[in-house]
Amino acid sequence: MIKLEEGRASIQPIKSKLKVSVLDDEDIKKINQAALSILEEVGVLFPSEKALKIFADAKANVDFDKKIVKIPSHLVADYLKKAPRHYTLAGRRPELDAKIGGENGTYFYCSGEAPNVVDLETGERRRSIKSDVENMAKIADYFPIISLVWPTVSAGDKGETAPIHGVEACFNNTEKHVQTESVMDEISAKYTIEMASVIAGGRDKLREKPIYSLLLCAIAPLAQDRGGIESALAFAEAGLPVGLMSMPTIGLSAPPYQAGALATGLAEDLSGCVLTQIAYPGTPNFITIQPAIINPRSGDYFYGSPFSQIASVAAVQLAHSNGLPVTSQFSFGGNAYKLNSWQVGIENVYGHLLSVMAGADMSFGPSGLIEAVTLLDMARILFDREIFQAIDIITKGIEVNDDTLAFDMIREVGPRGMFLGQKRTANELPKLWPPSILFEKSKLAEEKYRNPVEVAHEVIDWVLKNHHPAPLDENVQQELRKIVAAADRDENLKREIRGGR
Amino acid sequence: MNNKELFTKMEQSIINYDKDEAVRLAKMALEKGIDPTKAVDEGFVKGIQTVGDLFSREEIFLPELVMGAEAMTAATDILEEAIKKSGGKAKYLAKGVAGTVQGDIHDIGIRLVTTFLVANGFDIVFLGANISSSLFVEKAKELKPDLILLSALLTTTMPNQKEVIDSLKEAGIRENVKVLVGGAPISQDWADQIGADGYGENASAAVKVAKKLIGV
């Protein structure tokens, strides 16, 4: 069983001793060149007058009628130079700061944002509500493997302001850095940035210590979302980090080749980075390219393919070659729901293992999400945690020194001897058997170990009952409630989100 | 070339995924004054049926299906005006109108669904992305489709699927049409909750549900 002990939140990135490269220098050069050619000759759709004007003022080639921006390579190079390689995604305490681009290893997210959840009581799937977001944030606060927190599910009972409620739920239930991917319009962005500012103690303090950030997903191929882009500009204006994500589906919204998908993905991401650097130079950016494959029979979106996952690992090198931090890999199975289904396991192991070895600054991680990010099964976080524990152990490699070679012990024990009764074995063996949900002894005669799914549920129940994330001051909580209530009453916001503009 | 030969060539153009050839033959049919309904039913539809069969036998994959459907649509677009004028009706399984709801521009999924349906003998008018409820109602009144297909990718635009259904009720035409919903956050529960007639979790499921709804 894993140790269940109440305490304040902590974070634990995984630093890999082992290294992997997917692309050689020539590959990186070619993909970068292809991305630049795409940006210069094909262009990206920016359906936002604001963004088009920013690009035009910076002398990019803008077609205001078609809303296509073509960015000359020299502009891309000039503006990307302004993006910092190192910065902090801050938590509410320095111990929870994720120092991005440094030597600390890979920080993991619990990501999202699924519309459905497996009910903890009934085991049935249902639409998620705000209390599910709160519970999940609390769980994320508890487990050190999670450094960065998203609303993992949608606050589906809150209508158009669900993304704002989701961010509030996270702020109230974790001290860790909060990021959103669903605040996709400028008005919602401003409400949530205001909340973050109240927590940080003012706009300047928020800029200094950004406890909140945005990840914006492009629309493959080669398009941005109007509201999303304007939200990104609001975050950048506040000095908050803005990440850009591409999710190309190989063979559908990207060419039927991994390299081509990486090129279009990189172009989408860089177009967003360049926009924020033109408007607000020095904005902390990061990128992520998450390819998937289209099932050639059913048309289903399928993330868990080794073709797409290795491409996501390659994106680590592409990002770094452009001086940008990178997030790698999702954490959700293809379409298999059963917790103990082998398909769900294998898809998450090799992808994350390779990303950590490639030196990803961040990675989507233990989230309990399956079915292409549409379903949250909270207990599954324990399953994810097992995988990350294994990755941590594997990527630390092997320590070889006089101590670990243990020649004197070998000489002492000799041929046909037994090492078990040695004091050093007593000290070392427990370290080789880390806490796990897999080997919980069963009380039943017919089974050796308890069903890990049951053990996982027990852990989640314990965390939800016993973990109490350090709360925000009552006056801060009250201020957040006021901001959210104002958003709920804002008719302009509702019209904006429902597309009524 | 007699009519039979022309119809065979039309059929073959779809089987060969040759959009340019299909368009050329469609125009030829108009020039020769051939009954456009026959051109569709005895020429192009036979071709798309073969493509559909090959796909269900797993001898070809989606890219071929898409190419076949695109050739089919290109040809039938040419002949549609003439069919309307002649008062004829091509032997489609059913007619549908498809698009993403207001506020949502993620249309690649519904485009794929449209392709699948065309490849299965449906006549689908693809309205595009970010379609207002009032436009769906307007098109429903104008085109009198058997099906309306509504797609949404975002949880924040999903409610517009309900809005379309409510708008059809207000316009007094809800009973005349079957509404199918789909998209990543959509589920059977949601479809039931908003009073949709069907839900398909992917493109091939959408075809099965559509066929069931029209009683095929």
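Residues numbered from 1 in each chain as written. Chains lettered and ligands numbered in written order. Predicted model: local features only at pLDDT ≥ 70, side-chain atom pairs only at ≥ 80, totals over all residues.

Engineer: Is there a simple way to explain the overall build of chain A in this structure?
Structural biologist: Helix and strand counts for chain A stand at 18 helices and 20 strands. Relative to the globule expectation of 23 Å for 501 residues, the C-alpha radius of gyration of chain A, 23 Å, shows essentially globular dimensions. Its C-alpha atoms put chain A at 80 × 55 × 50 Å along the principal axes. Here chain A holds 501 residues, and 54% of them are scored as buried. Across chain A, the fraction of contacts at a sequence separation of at least 24, relative to all contacts at a separation of at least 6, is 75%. (Helix = DSSP H or I, 4+ residues; strand = E, 2+ residues; numbered from the N terminus. Rg over C-alpha atoms; globule rule 2.2 N^0.38 Å. Buried ≥ 20, exposed ≤ 12 C-beta atoms within 10 Å, placed from the backbone. Contact = placed C-beta atoms within 7 Å.)

Engineer: I'm lost on the overall build of chain B in this one. Help?
Structural biologist: Of the regular secondary structure elements, chain B holds nine helices and five strands. Order of helices (α) and strands (β) in chain B, N terminus to C terminus: α-α-α-α-β-α-β-α-β-α-β-α-β-α. Whereas a compact globule of 216 residues would reach a radius of gyration of roughly 17 Å, chain B reaches 18 Å, a difference of no more than 12%. If you line up chain B on its principal axes, its C-alpha atoms span 55 × 40 × 30 Å. Buried residues in chain B amount to 49% of all 216 residues. Across chain B, every contact between residues at least 6 apart in sequence was considered, and the portion connecting residues at least 24 apart equals 74%.

Engineer: What is the right way to look at the domain arrangement of chain B in this model?
Structural biologist: How big an interface is tends to be reported as the loss of accessible area on association of its parts. Residue and element names in this part refer to chain B. As far as domains go, chain B holds domain 1 (3-86) and domain 2 (95-213). Of note, the centres of domain 1 and domain 2, computed from C-alpha atoms alone, are 25 Å apart. Every contact between the two is made by 12 residues of domain 1 and, on the other side, five residues of domain 2. Elements with a minimum of two residues in the side of domain 1 that touches domain 2: α3 (36-56) and α4 (62-86). A class-by-class count of the residues in the side of domain 1 that touches domain 2 yields eight nonpolar, four polar and no charged. (Domains from an automatic or database assignment. Nonpolar A, V, L, I, M, F, W, Y, C, P; charged D, E, K, R; others polar.)

Engineer: Please clarify how the sheet that holds strand β19 (residues 369-370) of chain A should be interpreted in this entry.
Structural biologist: The pairing of strands in a sheet happens through backbone hydrogen bonds and is either parallel or antiparallel. Residues and elements named next belong to chain A. The strand order β8-β7-β20-β19 describes an open sheet built from four strands, whose pairing is mixed. Every other strand in the sheet has two partners, leaving β8 (125-127) and β19 as the edge strands with one partner each. Of the pairings in the sheet, the one linking strand β7 (residues 116-118) to β8 comprises three bridges and is antiparallel in character. Bridge pairing in β8 places V118 opposite R125. (Pairing = 2+ DSSP bridges.)

Engineer: I'm lost on the interface of chain A and chain B in this one. Help?
Structural biologist: Between chain A and chain B, the contact holds 20 residues from the first and 21 residues from the second. Grouping the amino acids of the side of chain A that touches chain B by side-chain chemistry returns seven nonpolar, eight polar and five charged.

Engineer: What is the right way to look at the pairing of strand β14 (residues 285-289) of chain A in this model?
Structural biologist: Along a regular strand, successive side chains alternate from one face of the sheet to the other. Residue and element names in this part refer to chain A. Of all five residues that make up β14, five are buried, and the element is covered over most of its length. Note: strand β12 (residues 242-246) against β14, five bridges, orientation parallel. Its bridge partner being in β14, V242 is matched across the sheet by N285.

Engineer: For this particular structure, what's the right way to read the packing of helix α1 (residues 25-42) of chain A against helix α9 (residues 258-279) of chain A?
Structural biologist: The packing of two helices is summarised by the inter-axis angle and the distance between the axes. Residue and element names in this part refer to chain A. Interhelical geometry of α1 versus α9 gives an angle of 55 degrees and a closest axis separation of 8 Å. By the angle between their axes, α1 is oblique relative to α9. When the axes of α1 and α9 are compared, the crossing they make is right-handed. Counting all contacts with α1, which are made through I31, A34, A35, I38 and L39, the residues of α9 involved are A259, L262, A263, T264, L266, A267, L270 and S271. Its residues assigned to classes, the contact of α1 with α9 comprises 11 nonpolar, two polar and no charged. (Axes fitted to C-alpha atoms, helices over the stretch in contact; angles between N-to-C directions. Parallel < 35°, antiparallel > 145°, perpendicular 65-115°, else oblique. Left-handed = near helix turned anticlockwise from the far one by under 90°.)

Engineer: It is not clear to me how the pairing of β12(A) should be interpreted in this structure. Could you clarify?
Structural biologist: Most of β12(A) is tucked away: four of the five residues are buried. On the question of chirality, the crossover connecting strand β11 (residues 212-217) of chain A to the parallel β12(A) by way of helix α8 (residues 226-237) of chain A is right-handed. (Right-handed = clockwise from strand over helix to strand, strands pointing away.)

Engineer: What is the right way to look at the packing of α1(A) against helix α10 (residues 306-321) of chain A in this model?
Structural biologist: Residue and element names in this part refer to chain A. It is the contact of α1 with α10, at a shortest axis distance of 10 Å, that shows an interaxial angle of 70 degrees. One way to sum up the angle between α1 and α10 is to call them roughly perpendicular. Two secondary-structure elements touch here, α1 through I28, I31 and N32 and α10 through Q317, L318 and S321. In terms of residue class, the contact of α1 with α10 is made up of three nonpolar, three polar and no charged.

Engineer: What's the story with unusual backbone geometry in this structure? I'm lost.
Structural biologist: Glycine aside, residues mostly have negative phi angles, and peptide bonds mostly take the trans form. Residues and elements named next belong to chain A. Of note, the bond from G112 into E113 is cis; its omega dihedral lies within 30 degrees of zero at 0 degrees. One non-glycine residue, K67, lies in positive phi territory at about 65 degrees. Inspection of the secondary structure assignment puts K67 in the loop between β2 (61-63) and β3 (68-70). A positive phi angle, close to 50 degrees, is found at A406, a residue other than glycine.

Engineer: Just to check I follow, could you spell out the environment of G195(B) for this structure?
Structural biologist: Residues and elements named next belong to chain B. Relative to the helices and strands, G195 resides in the loop between α8 (188-194) and β5 (198-199). You can call G195 partly exposed: it has 14 C-beta atoms within 10 Å. Between the alpha carbons of G195 and D166 there is a distance of 9.0 Å; along the sequence they are 29 residues apart.

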